[in-house]
Structures are given as structure tokens and as C-alpha cells.
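These are the residues of each chain, in order.
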Amino acid sequence: MSIAMGLLIAFLFVLLVATGIVVALAVTIFSGAPWVPTHKSVARAMCTIAQIKPGDRVLDLGCGDGAILLMAAREFGAIGIGVELNPLLVLWARVRARLSGVADRVTIVRGNMFIADLPDADVVMLYLLPRAMRRIEGRLKAHYALLRVVSNGFTFESAKPVATMHIGESTLRMYSW
């Protein structure tokens, strides 16, 4: 094989990977939940306001890199389940769970939070844009009779928070029903 042919194949491979990354990010952004990393102090505060106890089942819809679930499992003893649409973030979250030593307590599934089967949960974590918050609120209320929901930054339209916490630039709200 000539050098030119090798370079062409390498270029096409890079182009294919780049296209995959752009498509994955675009799908995530247009779903109403673009990935924004959650700082450890915010993840810890979300777990604290949710009053997570050992053994609690924590569901993170749009979990991104799994930061909140890793914190919940590692420092609060929770069992974590994350639903994430972006396949690259699913892979990264799984790697992070393994490297953090909590892969036995944190499961990351690739799926669309608006249509995925919702597992049993005691707490749901959200960091979603207002449009996505409107879409998910009714689904959560219809599926869970008793639930604690913590939202970073955005509110539900028809529910009042039972607790609010400010940490840095973030406003955390806990809802309960």
C-alpha cells in the first residue's frame, strides 16, 4: 500500500470518528439536555439536599459523565442508575465508575430519558433545560408515587420545591411527592 493510500485511509477514519462525535453531541443538545459537567461540590450538595442514605436508589436522567452518581455511590453509599443518550458519554461514565471503584453500584444505560423504562428509584437527579423539565415532570409524577427529585438550576412548572440550596453559581431545588 502506498503512503498516499495510507494517508487517505487515516484521513477517512478521522473524518468518520469526528462525524460520529458531532452527531452524538448534536443529538444530545437537541434533546433538551446538553452535557455540562457537574463540579464535585455541586454533586455532593445535590446528594446532601436529597438526603441520600446508604442503599438509596438514585436515578440520574441525562447523567452525562456520571459525576453525580459516582458521588452518590462513593460518599453516600447509594446504588446509582444513569440514563444517557450520548454514546460517548455513556462509555466515559462507565470507565469513570470502574476507575472510581463503584462499577458494582453504578449502572449507566444508553437511552432516551423520555422513553426509557424508569427503574425503581428513591431519588431522581436532573440538570435539564426548561423544555426538558416540562417534558419529564409529568412522566415522573405518573411513574413514582413517592420520590425525591433534585434539580440543578431549573424548576418544575407545577411543583414547589421543599428545599433550596445555593452553592456557587448553582441553585439546587428538591421536590418531593
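About the thresholds
All chains use their own residue numbering, which begins from 1 and follows the written sequence. With the structure being a predicted model, the display of local features is reserved for residues of pLDDT at least 70 and the display and counting of side-chain atom pairs for 80 or more, all residues being used for whole-chain, interface and lining totals. Side-chain figures throughout are based on the complete set of non-hydrogen atoms in the structure, without hydrogens or water. Planes of paired rings set the category: under 30 degrees apart is stacked, over 60 is edge-to-face and the rest tilted, where pairs are Phe, Tyr or Trp rings (Trp by its six-membered ring) whose centres lie within 6.5 Å. A run of H or I in DSSP becomes a helix once it reaches four residues, and a run of E becomes a strand once it reaches two; helices and strands are each numbered from the N terminus. Residue exposure (1.4 Å probe, protein chains only): buried if accessible area is under 20% of the type maximum, exposed if over 50%, otherwise partly exposed. Geometrically, a charge over a ring is one whose NZ (Lys) or CZ (Arg) sits within 6 Å of the ring centre while staying within 35 degrees of the ring normal. Here a patch means residues that are over 30% exposed by relative accessible area and free of salt bridges, tied together within 9 Å if like-charged and within 5 Å if nonpolar (Val, Leu, Ile, Met, Phe, Trp, Tyr). Surface exposure here means Shrake-Rupley accessible area, sampled with a 1.4 Å probe, where a residue is shielded only by the protein chains that are shown. The salt bridge criterion pairs a side-chain nitrogen of Lys or Arg with a carboxyl oxygen of Asp or Glu, the two atoms within 4 Å. Two strands qualify as a pair provided DSSP detects at least 2 bridges between them. For helices, the fitted axis covers only the stretch in contact; all axes are lines through C-alpha atoms, and the angles between them, taken along N-to-C directions, range from 0 to 180 degrees. Residue contacts are defined here by distance: any two heavy atoms, one from each residue, within 4.5 Å place the two residues in contact.

> Whenever I open this one, the packing of aromatic side chains confuses me. Can you help?
When we look at a pair of aromatic rings, we describe it by the centre distance and by the angle of the planes. A complete count under the given rule lists two aromatic pairs for this structure. Their ring planes at 55° and their centres at 4.8 Å tell us that F156 and Y175 sit as a pair that is tilted. In this pair, F156 sits in the loop between β5 (148-152) and β6 (163-167) while Y175 sits in strand β7 (residues 170-176), placing the two residues 19 residues apart along the sequence. Comparing F156 with Y175 shows no difference in burial state: the two are buried. For the pair F156 and W177, a centre-to-centre distance of 6.1 Å together with 55° between the ring planes defines the contact as tilted. Of the two residues, F156 sits in the loop between β5 and β6 while W177 sits in the segment after β7, which places them 21 residues apart along the sequence. For the pair F156 and W177, a shared accessibility class is recorded, and that class is buried. Following the ring pairs from residue to residue traces out a cluster consisting of F156, Y175 and W177. The lysine or arginine in question, R135, covers the ring of F114, its NZ or CZ lying 3.7 Å from the ring centre. Lying over the aromatic face of W177, K141 brings its terminal NZ or CZ to 5.4 Å of the ring centre.

> When you look at a nonpolar patch on the surface in this model, what are you seeing that I'm missing?
Side chains of M1, M5, L8, I9 and F11 sit close together on the surface and give an oily, nonpolar patch of about 570 Å² of accessible area. Counting through the fold element by element, F11 comes out in helix α1 (residues 3-30). Judged by its relative accessible area of 52%, F11 is exposed.

> Would you explain the sheet that holds strand β4 (residues 123-126) in this entry?
By definition, the strands of a sheet pair up through backbone hydrogen bonds, in either a parallel or an antiparallel sense. In space, the seven strands of this open sheet follow the order β3-β2-β1-β4-β5-β7-β6, with mixed pairing throughout. Each edge of the open sheet is held by one strand with a lone partner, namely β3 (106-110) and β6. Strand-to-strand, the axes of this sheet are offset by a mean angle of 20°, without reference to chain direction. When strand β1 (residues 57-61) meets β4, the two strands line up parallel, connected through four bridges. Each bridged residue has a counterpart across the sheet, and for V58 the counterpart in β4 is V123. Together, β4, β5, β6 and β7 form the strand contacts of helix α2 (residues 40-49), whose direction differs from that of β6 by roughly 165°. Packing against the sheet, helix α4 (residues 87-99) makes contact with β2 (79-84) and β3, and its axis sits at approximately 170° to β3.

> I'm lost on the environment of L147 in this one. Help?
With respect to the element layout, L147 can be found in the loop between α5 (130-143) and β5. By relative accessible area, which is 3% here, L147 ends up buried. Counting along the chain gives 23 residues from L147 to V124, while the straight-line C-alpha distance between them is 7.5 Å. Other than its neighbours up to four places away in sequence, L147 contacts A121, D122, V123, V124, L140, Y175, S176 and W177.

> Sorry, what's going on with unusual backbone geometry here?
In most cases, non-glycine residues show a negative phi, while peptide bonds are predominantly trans. The backbone phi angle of Q51 is positive, close to 55°, even though this residue is not glycine. Mapping Q51 onto the fold places it in the loop between α2 and β1. You can call Q51 exposed: its relative accessible area is 51%.

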